[in-house]
Amino acid sequence: MNLIKIGNFDWPESRWEDSKSVFNHIYLIQRDDVIENKFDWVELISLSKYGSLKNRLNSLLFILLEYLINYVFLYNIVVSLFRFLNNKSLNKIKNLNSNQVYSSYNDYDRSDHLTVILLPYLRDKYIVRAIKETRPDFRYPEFLCLLKSNAIILNSKFNLKFFENKYNTDFSGKRIYFNLDEDWRSKRFITNLLIAEKKSKTDNLKHFVILSGRVFSELGNLRSGARQYYIKLIQEIIDLGQHIDLYTGEIVLTSSGLNLYSELEKKSNGLFKIKGLLDFKNQPLESYAILSRYDFGILHNFEENQKVSYFDKFNIPNRFYEYQISGVLPIVKKNDSFVVEEIIEKNNCGVVYVKLIDLLQCKTSKYKAYNPTFEDYCITLKKIFNFEI
């Protein structure tokens, strides 16, 4: 089976290694040719050459589309203009040797715009839309993708309820598949992992870890501030006399220029340490081995009455799977994340706690890893296209 993929491969791209055993050929549809294609069974189909005048016009139109997500009439005008400027390239997509279209929005790739643009050229093809990254606010292209797709992939039934409430629409007439996640990792890492000895074996203390590309020193950022604000949580673990390490690439200062994480590190008596990002892209096995030394992995921070925290009740963070592969138990506070809590309780692969102090008595050996692979995901996707499930 050949597959048309709309949207980026997303981080980590390495999981798409697993697709080779399932799909003969993948057409990766992109706005331009700026990304590097590392797979010989994947063919990059770009609408314009990066840096060209057409590409600059396309980029401008995409910016307009994002700005107009709540203005349906104006949004559709810009979509029509984009189709007019790129009609020759779009017609080529219509004639690709595949009737299976996989449109997915895992994280930040704006594949909803590209899918909406392509809809007239995909009329004779079967579209499966997988959606994970979202927010509580109305988003017209997101709604249109859900409405026009033939089948929908969601992490959980909680996500379906979220979207039906968000758009006041009943999607039950569509083929909908649950308990699937495009973030499942490559089988290569899961089968070749080297597990190191836990730090806790040497000092009998619990060792917590946070993986986060960036962290915030205050709650001001509307998109990510609440979920990546860990100050109070870190302080609570320090107060319990336990260790916690933060692996991050960027610390966003307060509006007055303060780095609250560095200040907390100085006052922690060695219980809290700030470290650089683990390089899962270029040194995955070594990074997983370092991570495996910890007992508990922290996901997102949750703050009541914050929109991003409301979304996180239905979200599975990327780092959830890094913890699983490494034998680190992801932890989540009761009722903070319905979907993660459901996975943990169903698979016994983490801890749902009421108070952090309860974790000090937790025997980690009674839990097991939850490691479905991206190959499993691709096999299920192929079955969806073949109407086998």
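What comes next is a walk through the structure. Source: prediction; values computed, not measured. (Residues numbered from 1 in each chain as written. Predicted model: local features only at pLDDT ≥ 70, side-chain atom pairs only at ≥ 80, totals over all residues. Heavy atoms only, no water.)

1. Here's the deal with the sheet that holds strand β9 (residues 243-252)
The following threshold applies: Strands were regarded as paired on the criterion that DSSP finds at least two bridges between them. Here a strand is any run of E in DSSP of at least two residues, a helix any run of H or I of at least four, and the numbering for each starts at the N terminus. A fitted line through C-alpha atoms represents every axis, and for helices the fit uses only the stretch in contact; the resulting angles, taken between N-to-C directions, go from 0 to 180 degrees. Between two residues, a contact is recorded if the distance between any of their heavy atoms is within 4.5 Å.
On the basis of which strands lie adjacent, the open sheet formed by 6 strands has the order β10-β9-β8-β11-β12-β13 and parallel pairing. In the strand order of this sheet, the two ends are held by β10 (272-275) and β13 (351-353), each with one partner. Each neighbouring strand pair of the sheet contributes to a mean axis angle of 30 degrees, computed without reference to strand direction. The sheet contacts of helix α9 (residues 231-239) involve β8 (207-216), β9, β10, β11 (296-298) and β13, and relative to β9 the element is tilted by about 160 degrees.

2. Details of the pairing of β8
Definition in use: The classification of residues rests on relative accessible area computed with a 1.4 Å probe and restricted to protein chains. Under 20% of the type maximum is buried, over 50% is exposed, and intermediate values are partly exposed.
Burial analysis of β8 places 8 of its 10 residues in the buried class, the great majority of the element. Pairing of β8 with β9 involves 9 bridges; the strand directions are parallel. Residue pairing across strands places serine 212 opposite threonine 248, the latter belonging to β9. As defined by bridge partners, β8 adjoins β11 across 3 bridges and the pair is classed as parallel. The partner of valine 209 across the bridge, within β11, is glycine 297.

3. Remarks on the nonpolar core
Stated precisely, the cut-off is as follows: In these notes, a set of buried Ala, Val, Leu, Ile, Met, Phe, Trp, Tyr and Cys residues joined through side-chain atoms within 4.5 Å is what counts as a nonpolar core.
Among the nonpolar cores identified, the biggest contains 62 residues, and Tyr102, Val128, Ile153, Leu291 and Phe320 are the most heavily contacted of them. Sorting elements by how many residues they give to this core places helix α15 (residues 374-385) first, with 6 residues. In this view, isoleucine 153 contacts Tyr102, Val128, Arg129, Ala130, Ile131, Tyr177, Leu180, Tyr377, Leu381 and Ile384; residues no more than four positions away in its chain are not counted. One finds Ile29, Phe62, Phe82 and Ile117 within the second-largest nonpolar core, a separate group that totals 29 residues.

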